[in-house]
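One-letter residues, chain by chain:
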Amino acid sequence: MATPVRDGRPPFASLAGVELGALFQALPSPCYLLDEGALRQNGEMMARLAQRTGCKLLLAQKAFSNYDLYPTLAPCLAGTEASGLYEARLGREELPGKEVHVFCGAYREDEFDRLLTYADHIVFNSPRQLARFGPRAKAAGKSLGLRINPECSTQEGHAIYDPCAPGSRLGTTRSQWDAQMTPELVSLLDGLHFHTLCEQDSDALEVTLQAVEARFGDVLPRMSWLNFGGGHHITRPGYDLPRLEGCIRHARERWGVEVYLEPGEAWALNAGYLRATVLDVLQNGETGIAILDASAACHMPDVLEMPYRPPLLGGGEPGEGPYTYRLGGPTCLAGDVIGDYSFSAPLEEGDSLLFGDMAIYTTCKNNTFNGMPLPAIWVRREDGGLEELVSFGYHDFKGRLGRR
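These notes cover the structure that comes with them. This structure is a prediction, so every number in the text was calculated from the model and none was measured. (Residues numbered from 1 in each chain as written. Predicted model: local features only at pLDDT ≥ 70, side-chain atom pairs only at ≥ 80, totals over all residues. Heavy atoms only, no water.)

## Let's talk about the overall build of the protein
Phase 1 of the analysis: The helix and strand inventory of the protein stands at 14 helices and 16 strands.
Phase 2 of the analysis: Taken against the 2.2 N^0.38 rule, which gives 22 Å for 404 residues, the C-alpha radius of gyration of the protein at 22 Å falls within 12% of a compact globule.
Phase 3 of the analysis: Counting every position in the protein, which comprises 404 residues, the buried fraction comes to 55%.
Phase 4 of the analysis: Relative to all contacts within the protein whose residues are 6 or more apart in sequence, the contacts with residues 24 or more apart total 68%.
Phase 5 of the analysis: Put simply, the protein shows about 17,000 Å² of open surface, and 49% of that area lies on carbon and sulfur atoms.
Phase 6 of the analysis: Counting 37 positive and 52 negative side-chain charges, the protein places the centres of these two groups 7 Å from one another. (Helix = DSSP H or I, 4+ residues; strand = E, 2+ residues; numbered from the N terminus. Rg over C-alpha atoms; globule rule 2.2 N^0.38 Å. Buried < 20%, exposed > 50% of the residue type's maximum accessible area, 1.4 Å probe, protein only. Contact = heavy atoms within 4.5 Å. Areas by Shrake-Rupley, 256 points an atom, 1.4 Å probe, with all protein chains shown as cover. Lys, Arg positive; Asp, Glu negative; His and termini not counted. Charge placed at Lys NZ, Arg CZ, Asp CG, Glu CD.)

## Digging into the environment of Ile148
Phase 1 of the analysis: Mapped onto the secondary structure, Ile148 falls in the loop between strand E6 (143-147) and helix H7 (174-180).
Phase 2 of the analysis: With 44 residues separating them in the primary sequence, Ile148 and Leu192 have C-alpha atoms 6.7 Å apart.
Phase 3 of the analysis: Beyond its immediate sequence surroundings of up to four residues, Ile148 is in contact with Gly171, Thr172, Leu192, His193, Phe194, Val212 and Phe216.

## Let's talk about unusual backbone geometry
Phase 1 of the analysis: The residue after Ser29, namely Pro30, is reached through a cis peptide bond having omega -5°.
Phase 2 of the analysis: Along the polypeptide, Pro30 turns up in the loop between helix H1 (20-26) and strand E1 (31-35).
Phase 3 of the analysis: For the peptide bond that leads from Met306 to Pro307, omega is -15°, which places it in the cis range.
Phase 4 of the analysis: Here Pro307 is to be found in the loop between helix H13 (302-305) and strand E12 (323-328).
Phase 5 of the analysis: In this structure, Glu151 takes a positive phi of about 55° despite not being glycine.

## Looking at the packing of aromatic side chains
Phase 1 of the analysis: Summed over all chains, the structure comprises 12 aromatic pairs.
Phase 2 of the analysis: Relative to Tyr273, the ring of Phe12 lies with its centre 5.9 Å away and its plane at 20°, an arrangement referred to as stacked. With Phe12 in the segment before H1 and Tyr273 in strand E10 (residues 272-284), the pair connects residues that are 261 residues apart, well separated along the chain. This pair shows no difference in class: Phe12 is buried, exactly as Tyr273 is.
Phase 3 of the analysis: One aromatic cluster in this structure is built from Tyr107, Phe112, Phe124 and Phe133.
Phase 4 of the analysis: Against the face of Phe103 rests Arg147, its NZ or CZ located 4.9 Å from the ring centre. (Phe/Tyr/Trp six-rings, centres within 6.5 Å; stacked < 30°, edge-to-face > 60°. Lys NZ or Arg CZ within 6 Å of the ring centre and 35° of its normal.)

## Considerations on the sheet that holds strand E4 (residues 99-103)
Phase 1 of the analysis: Around the barrel, eight strands lie side by side as E2-E3-E4-E5-E6-E7-E8-E9; this closed barrel has parallel pairing. Strand after strand, the sheet turns through a mean of 25° between neighbouring axes, direction not considered.
Phase 2 of the analysis: In this sheet, strand E3 (residues 79-82) lies alongside strand E2 (residues 56-60) in parallel orientation, the contact comprising three bridges. Paired with Ala60 across the bridge in E3 is Glu81. (Pairing = 2+ DSSP bridges. Axes fitted to C-alpha atoms, helices over the stretch in contact; angles between N-to-C directions.)

## Side note on the packing of helix H2 (residues 36-53) against helix H10 (residues 241-255)
Phase 1 of the analysis: Close contact between H2 and H10 brings their axes to 10 Å; oriented N to C, the two are set at 40°. By the angle between their directions, the pair H2 and H10 is classed as oblique. In this structure, the crossing between H2 and H10 has a hand that is right-handed. Note on element contacts: H10 touches H2 through Leu241, Leu244, Glu245, Ile248, Arg249 and Arg252, opposite Met45, Leu49, Arg52 and Thr53.
Phase 2 of the analysis: A class-by-class count of the residues in the contact of H2 with H10 yields five nonpolar, one polar and four charged. (Parallel < 35°, antiparallel > 145°, perpendicular 65-115°, else oblique. Left-handed = near helix turned anticlockwise from the far one by under 90°. Nonpolar A, V, L, I, M, F, W, Y, C, P; charged D, E, K, R; others polar.)

## Things to note about the packing of helix H9 (residues 202-216) against H10
Phase 1 of the analysis: Contact pair H9 / H10: the axes reach a minimum separation of 8 Å and the direction vectors enclose 20°. The orientation of H9 with respect to H10, classified from their angle, is roughly parallel. Every pair of crossing elements has a handedness; the one defined by H9 and H10 is left-handed. Here Ser202, Asp203, Leu205, Glu206, Leu209 and Glu213 of H9 come into contact with H10, specifically with Arg243, Leu244, Cys247, His250, Arg254 and Trp255.
Phase 2 of the analysis: Of the residues contributing to the contact of H9 with H10, the split by class is five nonpolar, two polar and five charged.

## So, H2
Count 3.6 residues to each turn of an α-helix, and residues three or four apart come out pointing the same way.
Phase 1 of the analysis: Between the first and last C-alpha of H2 there are 26 Å, a value that for 18 residues agrees with the 26 Å anticipated at 1.5 Å per step.
Phase 2 of the analysis: The opening residue of H2, the one whose side-chain oxygen lies 3.1 Å from the backbone nitrogen of Gly37, is Asp35. (Expected span 1.5 Å × (residues − 1). Polar contact = N/O pair within 3.5 Å; in protein donor to acceptor, adjacent residues only side chain to side chain.)

## As for H10
Phase 1 of the analysis: Taking 1.5 Å as the rise per residue, H10 with 15 residues should run 21 Å; its terminal C-alpha atoms sit 21 Å apart, in good agreement.
Phase 2 of the analysis: The complete set of buried residues in H10 reads Leu241, Leu244, Glu245, Cys247, Ile248, Ala251 and Trp255. Seen from one end, H10 has its buried residues packed into an arc of 155°, which puts them on one side. What points out from H10, more than 90 degrees from its buried face, is the exposed set Pro242, Glu253 and Arg254.
Phase 3 of the analysis: Buried positions along H10 lie against H2, H9, strand E8 (225-227) and strand E9 (258-261). (Arc of directions from axis to C-beta.)

## Observations concerning the nonpolar core
Phase 1 of the analysis: Grouped together as the largest cluster of nonpolar side chains are 104 residues, with contacts concentrated most on Leu192, Leu226, Phe228, Leu327 and Phe355.
Phase 2 of the analysis: Core analysis: the second largest hydrophobic core is formed by 11 residues, Phe12, Leu15, Leu27 and Trp378 among them. (Core = buried A, V, L, I, M, F, W, Y, C linked by side-chain atoms within 4.5 Å.)

## Looking at the environment of Lys142
Phase 1 of the analysis: Examined against the element boundaries, Lys142 turns out to sit in the loop between helix H6 (127-139) and E6.
Phase 2 of the analysis: Taking the C-alpha atoms as reference points, Lys142 and Ala119, separated by 23 residues in sequence, lie 7.5 Å from one another.
Phase 3 of the analysis: Ignoring anything within four residues of it in the chain, the contact list for Lys142 reads Leu116, Ala119, Asp120, Ile122, Ala137 and Asp190.

## Side note on the pattern of salt bridges
Phase 1 of the analysis: Within this structure, the stated rule accounts for 26 salt bridges.
Phase 2 of the analysis: A salt bridge links Glu109 to Arg132; the nearest nitrogen and oxygen atoms lie 3.5 Å apart. Taken together, the residues Glu109 in helix H5 (residues 109-116) and Arg132 in helix H6 connect sequence positions 23 residues apart.
Phase 3 of the analysis: Put simply, Glu206 and Arg243 hold a salt bridge, and the shortest N to O gap is 2.6 Å. Taken together, the positions of Glu206 in helix H9 and Arg243 in helix H10 put the pair 37 residues apart, joining distant regions of the chain.
Phase 4 of the analysis: Note on Glu206: relative accessible area 30%, which makes it partly exposed.
Phase 5 of the analysis: A relative accessible area of 32% means that Arg243 is categorised as partly exposed. (Salt bridge = Lys/Arg side-chain N within 4 Å of Asp/Glu carboxyl O.)

Everything listed is a geometric property; what it means functionally is a separate question.
Here you go:
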């Protein structure tokens, strides 16, 4: 059941020289461990990109929203990207003075006025939403955009992440634009936004940008900015940075627009871990199984949704080592499986495991299915010191289900 592994900086590189026994002893199980030094390295790489090209880089909080670490990234950020009211407020509160951009598939009337108090840029998904909310946002001095659908799919095998699939609910196609975008609506716009990538290299962006130019090239000279969206795996070793920089320069020179990028994963790629413990070991036919106190369904849901097989310190491909186990969580979900890994020695109850690339789509996406406790969140500072940011208990499970 091997699934794609996210590429990235060697996921455990920042732990070189660390005495793991002492680390495990200091941390509860399960818990997330964010790596301040790795975050800073990612941020500095992104900042150099902005300096070379003049683009502006936003943090897509849907992937990483651990605001205690925002100060580490702040010098590298133009601002944040939000998917709605709460993320917009978080960006405004925790990164004061930075831009707050918002895109939502559809805005709510009962939230929109509050959203205007936090957001600088508001991107609409459809001409209908632009017509309904755009005049109010414009009167409030906001910069307005419309998400476009260039109808150019570059996804391979991950339909759930393809905003350009037939019948997509995301973005305005050219035919929709021609049918609904009156001159009055066009005059409200300051920019266009597209988001079509997911963990991809810049060759996919180049193809997408060509489609954007073919379908909306006549509109872009009237805009002041163009947002390339997210999904750019910029901090992955081997990523084609020169091609990305060429795309940015092409857009700036051809249309005279300011270029925004809003990656989420790239900021925190391989900048966190999930510490877990083996609770039980069993055998089902030829399959060795280890039950952990960490759950794919609850604590790393992207493992099931992507799907992908997270890196594991000391764990190899199935059959690579002499002992192979299927690692799963303790929940009742039959598919609560993290992946198959091989080891140099048999696993035993009480063994500690460390999964990598656990800073993204984990703490912001986890849940308490089956009453599973939420793991505590710790940070490893750049000087090697460990600090608990927050811990959770029964009240966090109960409090979201009824009266407190």
